[in-house]
Amino acid sequence: MLYNIGGLWIYFHGDNRYFEERSEVFRKADYEKLPAECDMRISFKLFDSLQKPEGEFVLGGQEAVTIRKLPPDSGYYVFGNDFIMASGDRKEPSILDTNLGWSDVKLKYVLSDKMYVSKDDGFLVNWNQYSSFLSMGLAFRNLLIKKNGLQIHCSSIDYHGKGIVFSAPSGTGKSTHVRLWCELYGEDVTIINEDRPAIRYIDNTPMICGTPWSGTSDNFTNKIVPLSGIVMLEQSPDNTIEKLSGSSILQMLMPRCFLPYFDAGMMIEALNTLERLVNDVPVYLLKCRPDYEAVELVQKCLI
C-alpha cells in the first residue's frame, strides 16, 4: 500500500491493522509510485520470537535503546527495554531495523498479551501493533531530517491557509490554546496535528504537514500549508506577546525538537534545518491566560 505523509512517499507492506486504519487519510492509489521510487519502504512482520540484536550501543533511555549495526552491515537497531528488563509489565519485544538513510525500515514484533484500545473510536489491536506504529513514527521523523525537515512537539493549525505552530513543555496549554482558536474562529480553523506535525521545506518554502502521529490526541488531518509563524507558549496572569530574536529562539525551541542525538551527521543536518527555519519564520513568545484575548493577540501578529 502507498501513502503520502508530509510530501514523502511511503510504501507499506505487512500486517499492522492499526497503521492502516490510522493512516487511511494519507493513502494513495497504489499505482502512483513503484516501491523503488518511494522515499521510504517499510514492512511490519510478526514473529513467534525475537532475539536481541548485536551491535554498538549509541543511545539509551527509559523506553528504547539504539545500537549501531556491526560491520559489514550499516544502519541501526532500535528496541524497547523489554529485552533487558528482568521484570515488569513489558515482556514482549519488538525491533526496528533500518538502513543509515532511514529509507528501508523493517519492524519486527511478537504478539503481546496486552491489547490497545483507541480512546476515540474503540478500535482494538494487539499492543505490539500499536507500539510498532509508534516505532514507525520514530523512523519517519529521522527520514524527515534527511528530507529537509524536522518534527517538533507542538500543536498546529491552518487558519485561512496559514500554518501556525504552538509549542511549549507538556501541560502548558497547547491543546487548550488550539481549542480556543477553534471556538473563536470556527470553520476558519483546521487542526493539522495536535502533537507531532512535520515541518519540511518543499520547493524552498517551510511547510507544516499533518502526520498520523499525534501523541494521546487523535486530532490530525492530511494537510500541507505554508508555515507563517511559531508561537512559544508560557502561562501568565497577563496576556503579552513579543517577537523573539537571536539565541533566545534556539534556547526555547531546541528542547521541543526531536533531534537525532545518536548520529552526529544527522544532528548537523537537523540543526542546519532548524537554523534555516528560525531565520525564515517569525517566532513569538506568548505569555498568556487561557482566554480569547490571547488568541486575538496572535491573530493580529501573524495574519
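Notes on the structure in this doc start here.

Each value, and the rule that gives it
Each chain carries its own residue numbering, running from 1 in the written order of its sequence. Local features are withheld for residues below a pLDDT of 70 in this predicted model, meaning they are given only at 70 or higher, and side-chain atom pairs are given and counted only at 80 or more; totals for whole chains, interfaces and linings count all residues. To obtain the side-chain values, all non-hydrogen atoms of the structure were used and water was disregarded. Working definition: helices are DSSP H or I runs of at least four residues, strands are E runs of at least two. Numbering for both runs from the N terminus. Throughout, the radius of gyration refers to the C-alpha atoms, and the reference size of a globule is 2.2 Å times the residue count to the power 0.38. In this scheme, a residue with accessible area under 20% of its type's maximum is buried, one over 50% is exposed, and one in between is partly exposed, where area comes from a 1.4 Å probe on protein chains only. The accessible surface values rely on the Shrake-Rupley method and a 1.4 Å probe; as for residues, cover is taken only from the protein chains in view. Only four residue types enter the tally: Lys and Arg on the positive side, Asp and Glu on the negative side; His and the chain ends are excluded. Here the site of a charge means NZ on Lys, CZ on Arg, CG on Asp, or CD on Glu. Here the nonpolar core consists of buried residues drawn from Ala, Val, Leu, Ile, Met, Phe, Trp, Tyr and Cys, with membership extended through side-chain atoms lying within 4.5 Å. For a helix, the expected span equals 1.5 Å multiplied by the residue count minus one. Think of it as the arc spanned by the lines of direction from the helix axis to the C-beta atoms. Contacts are assigned to residue pairs that have any heavy atoms within 4.5 Å of one another. Polar contacts here mean pairs of N or O atoms no more than 3.5 Å apart (in protein, one a potential hydrogen donor and the other a potential acceptor; neighbouring residues in sequence count only if both atoms are side-chain atoms). Angles run from 0 to 180 degrees between N-to-C directions of axes, and those axes are lines fitted to C-alpha atoms, restricted for helices to the stretch in contact. In this scheme, roughly parallel covers angles under 35 degrees and roughly antiparallel covers those over 145, while 65 to 115 is roughly perpendicular and the rest are oblique. Here a crossing is called left-handed whenever its near helix is offset anticlockwise from the far helix by less than a right angle, and right-handed whenever the offset is clockwise. We call Asp, Glu, Lys and Arg charged. Ala, Val, Leu, Ile, Met, Phe, Trp, Tyr, Cys and Pro are nonpolar, and the rest, Gly among them, are polar. Residues are called lining when one of their atoms sits within 4 Å of a cavity or pocket point, these points coming from a 1 Å grid over the protein atoms alone, where a cavity is a set in which a 1.4 Å probe fits but cannot get out and a pocket is an open set with protein on both sides within 12 Å along at least five of seven lines. Grid points are joined across faces, edges and corners, and a volume is the space filled by probe spheres set on the points. In summary, the pairing rule links any two rings of Phe, Tyr or Trp, Trp by its six-membered ring, whose centres are within 6.5 Å, and it sorts them by plane angle into stacked for under 30 degrees, edge-to-face for over 60 and tilted for everything else. Two strands pair if DSSP finds at least two bridges between them.

### Some thoughts on the overall build of the protein chain
Within the protein chain, the regular secondary structure consists of 6 helices and 20 strands. For the protein chain, the C-alpha radius of gyration of 20 Å lies close to 19 Å, the compact-globule estimate for 303 residues. For the protein chain, the spread of C-alpha atoms along the three principal axes comes to 55 × 45 × 40 Å. Per-residue burial for the protein chain yields a buried fraction of 50% across its 303 residues. For the protein chain, the exposed surface amounts to about 14,100 Å²; the carbon and sulfur share of it is 48%. Of the side-chain charges in the protein chain, 31 are positive and 39 negative, and the distance between the mean point of each set is 3 Å.

### A few points about the nonpolar core
The biggest cluster of nonpolar side chains holds 61 residues, and the ones touching the most others in it are Trp102 and Ile230. A per-element tally of this core places helix H2 (residues 127–146) first, with 8 residues. Grouped together as the second largest cluster of nonpolar side chains are 20 residues, Tyr185, Val231, Leu233 and Val295 included.

### Topic: unusual backbone geometry
For the bond from proline 71 to proline 72, the omega torsion is 10°, close enough to zero to count as cis. Along the chain, the position of proline 72 falls in the loop between strand S6 (64–68) and strand S7 (76–80). Even without being glycine, tryptophan 102 reaches a positive phi, approximately 60°. Mapped onto the elements of the fold, tryptophan 102 is located in the loop between strand S8 (94–98) and strand S9 (104–109). Phi is positive for asparagine 204, which is not a glycine, with a value near 65°.

### Details of helix H5 (residues 264–280)
When the terminal C-alpha atoms of H5 are compared, their 24 Å separation across 17 residues agrees well with the 24 Å that a helix rising 1.5 Å per residue should span. Along H5, the residues classified as buried are Met266, Met267, Ala270, Thr273, Leu274, Leu277 and Val278. Buried residues of H5, seen end-on, are gathered within an arc of 130° and therefore sit on one face of the element. Across from the buried face of H5, at angles greater than 90 degrees, the exposed residues are Ala264, Ile268 and Asn279. Among the structural elements, H2, strand S12 (149–151), strand S16 (198–202), strand S17 (205–209), strand S18 (224–235) and helix H4 (247–253) are those in contact with the buried residues of H5. If you check the start of H5, you find a side-chain oxygen 3.0 Å away from the backbone N of glycine 265, and it comes from aspartate 263.

### Remarks on the packing of H2 against H5
At their nearest, the axes of H2 and H5 sit 9 Å apart, and the two run at 70° to each other. In terms of orientation, H2 lies roughly perpendicular with respect to H5. The interaxial crossing formed by H2 with H5 has left-handed handedness. Across the interface between the two elements, Asn142, Ile145 and Lys146 of H2 pack against Met266, Glu269 and Ala270 of H5. Among the residues forming the contact of H2 with H5, the class breakdown is 3 nonpolar, 1 polar and 2 charged.

### Considering the layout of surface pockets
In this structure, the second largest pocket occupies an estimated 230 Å³ of space. If you trace the second largest pocket, you find 15 residues lining it, with His153, Lys174, Ser175, Glu194 and Asp195 closest to the centre. Split by residue class, the lining of the second largest pocket holds no nonpolar, 11 polar and 4 charged.

### Observations concerning the packing of aromatic side chains
All chains considered together, the criterion is met by 22 aromatic pairs. The interplanar angle of 75° and the centroid separation of 6.3 Å between the aromatic rings of tyrosine 3 and phenylalanine 12 together place this pair among those described as edge-to-face. As far as the burial class goes, tyrosine 3 and phenylalanine 12 line up, both buried. Centroid distance phenylalanine 19 to phenylalanine 133: 6.4 Å. Interplanar angle 45°. Geometry classified as tilted. Highlighted residues: phenylalanine 19 in helix H1 (residues 17–22) and phenylalanine 133 in helix H2, separated in sequence by 114 residues.

### As for the sheet that holds strand S2 (residues 8–14)
As summarised here, the arrangement of the 9 strands in space is S3-S1-S2-S4-S9-S8-S7-S6-S5, forming an open sheet in which the pairing is mixed. Two strands lie at the open edges of the sheet, namely strand S3 (27–28) and strand S5 (56–60), each paired on one side alone. The sheet contact formed by S6 and S7 spans 5 bridges and is antiparallel. If you follow threonine 66 over to S7, its bridge partner there is valine 78.

The values are spatial; any link to function lies outside them.
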